[in-house]
Amino acid sequence: MSPLFARTPVRRTRDGRFRLHLEPHERDLLRQLGPQLSALLDQPDQPGLARLFPPAYSDPAHSTHEEEYRRLMREDLVAGHREALETLAATAGAVDLSEQQLLGWARALNSVRLVLGTLLDVSEDDEHRDPASAEEAIYGWLSGLLGCAIDAMAGET
Amino acid sequence: MPTAAPVEIGLPETTELIATDLPWKVLVWNDPINLMTYVTFVLQKLFGYDHERAHRLMLDVHLKGRAVVSHGQREKAELDVFRLHEHGLWATMEHDS
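This write-up is about the structure you can find in this document. (Residues numbered from 1 in each chain as written. Chains lettered and ligands numbered in written order. Predicted model: local features only at pLDDT ≥ 70, side-chain atom pairs only at ≥ 80, totals over all residues.)

## Focus: the packing of helix H2 (residues 63-90) of chain A against helix H4 (residues 74-86) of chain B
Going by this rule: Axes here mean lines fitted to C-alpha atoms, for a helix over just the part in contact, with angles spanning 0 to 180 degrees between N-to-C directions. Note on conventions: DSSP H or I runs of at least 4 residues are helices, E runs of at least 2 residues are strands, and numbering of each starts at the N terminus. Crossing handedness is defined as follows: a turn of the near helix away from the far one that is anticlockwise and smaller than a right angle gives a left-handed crossing, while the clockwise case is right-handed. Here contacts are defined at the residue level, using C-beta atoms placed from the backbone and a cut-off of 7 Å between them. Side-chain classes follow a simple rule in which Ala, Val, Leu, Ile, Met, Phe, Trp, Tyr, Cys and Pro form the nonpolar group, Asp, Glu, Lys and Arg form the charged group, and the remainder, Gly included, forms the polar group.
One can describe the packing of H2 of chain A onto H4 of chain B by two numbers: an axis separation of 10 Å at closest approach and a directional angle of 35 degrees. Handedness of the crossing formed by H2 of chain A with H4 of chain B: right-handed. Across the interface between the two elements, Tyr69, Met73, Leu77 and Gly80 of chain A of H2 of chain A pack against Glu78, Phe82, His85 and Glu86 of chain B of H4 of chain B. For the contact of H2 of chain A with H4 of chain B, a count of residues per class yields four nonpolar, two polar and two charged.

Quick look at the structure:
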């Protein structure tokens, strides 16, 4: 388990639900993340959002297909991200979650990590980053929480 | 009558069993943000792969930079790419030449 947590923050219960052990200030943070990223999604040209909307076609020769993909799928993709973020915000205070809700958490936490990681310029070479910044602390904590949520769903806790 | 020596049949890897005449392949690319356990989990969930297969594909992504995770006609491949994008993975599709 991540040393960021005094106890496993997500644990599968016998009835197939997931018990949350989070501090009130941690729940407050989770509650704020959804609306913040949701607001960003309204501004499609935000550079931090690039990782949420990667190109679908590897080959530039397929630019017509790519344009069609963007035109037809972008809205659904935004709606999907938004739905996960809303689940996170709406259930941040919950005692326990269904698997479907926890999956929403995982997707939302990962979306926030992708945006935050892009803004922090996370790469294989991390020497240029400032480990003391608040954003780094949040990024690290979100990574730990996501890892615990995945372990719980994969049956490892 | 001589007993035939047992012949070891080299079964191809399951990933190679997928028909190669399908025109598109879907790739997942390495990125420094997505957690390895998350990538494995998403591949299991979206494609129904068992943990071993999903884990092996994730390692290919991590170590070789990319892995082919599915094949299909264009519509099917595009839907796979979309579902991977929904889960924040860096996926693209290209012709299976």
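Okay, back to it.
## Remarks on the sheet that holds strand E1 (residues 10-12) of chain A
All names here are of chain A. Let me state the cut-off plainly: Think of it this way: DSSP has to see at least two bridges between two strands before they count as a pair.
Read across the sheet, three strands follow the order E1-E2-E3 without closing on themselves; strand pairing throughout is antiparallel. Two strands close off the open sheet at either side, each with one partner strand: E1 and strand E3 (96-97). Of the strands in this sheet, E1 and strand E2 (18-20) touch helix H4 (residues 134-153), which is tilted by about 0 degrees from E1.

## Overview of the environment of Ala152 of chain A
Residue and element names in this part refer to chain A. As a reminder of what qualifies: Exposure classification rests on a simple neighbour count of other C-beta atoms within 10 Å of a residue's own: a residue reaching 20 or more is buried, one at 12 or fewer is exposed, and one in between is partly exposed. C-beta atoms are placed from the backbone.
When you line up the elements, Ala152 lands in helix H4. Its 23 C-beta neighbours within 10 Å are what place Ala152 among the buried residues. In this structure the C-alpha to C-alpha distance between Ala152 and Arg11, which are 141 residues apart in sequence, comes to 5.7 Å.

## Digging into the sheet that holds strand E3 (residues 91-95) of chain B
All names here are of chain B. Taken in spatial order, the three strands of this open sheet run E2-E1-E3, and their pairing is antiparallel. The sheet terminates laterally at strand E2 (66-72) and E3, the two strands that pair on one side only. Direction aside, the axes of adjacent strands within the sheet are offset by 30 degrees on average. Sheet topology note: the strand E1 (residues 24-29)/E3 ladder contains five bridges and is antiparallel. Bridge assignment links Lys25 to a residue of E3, and that residue is Glu94.

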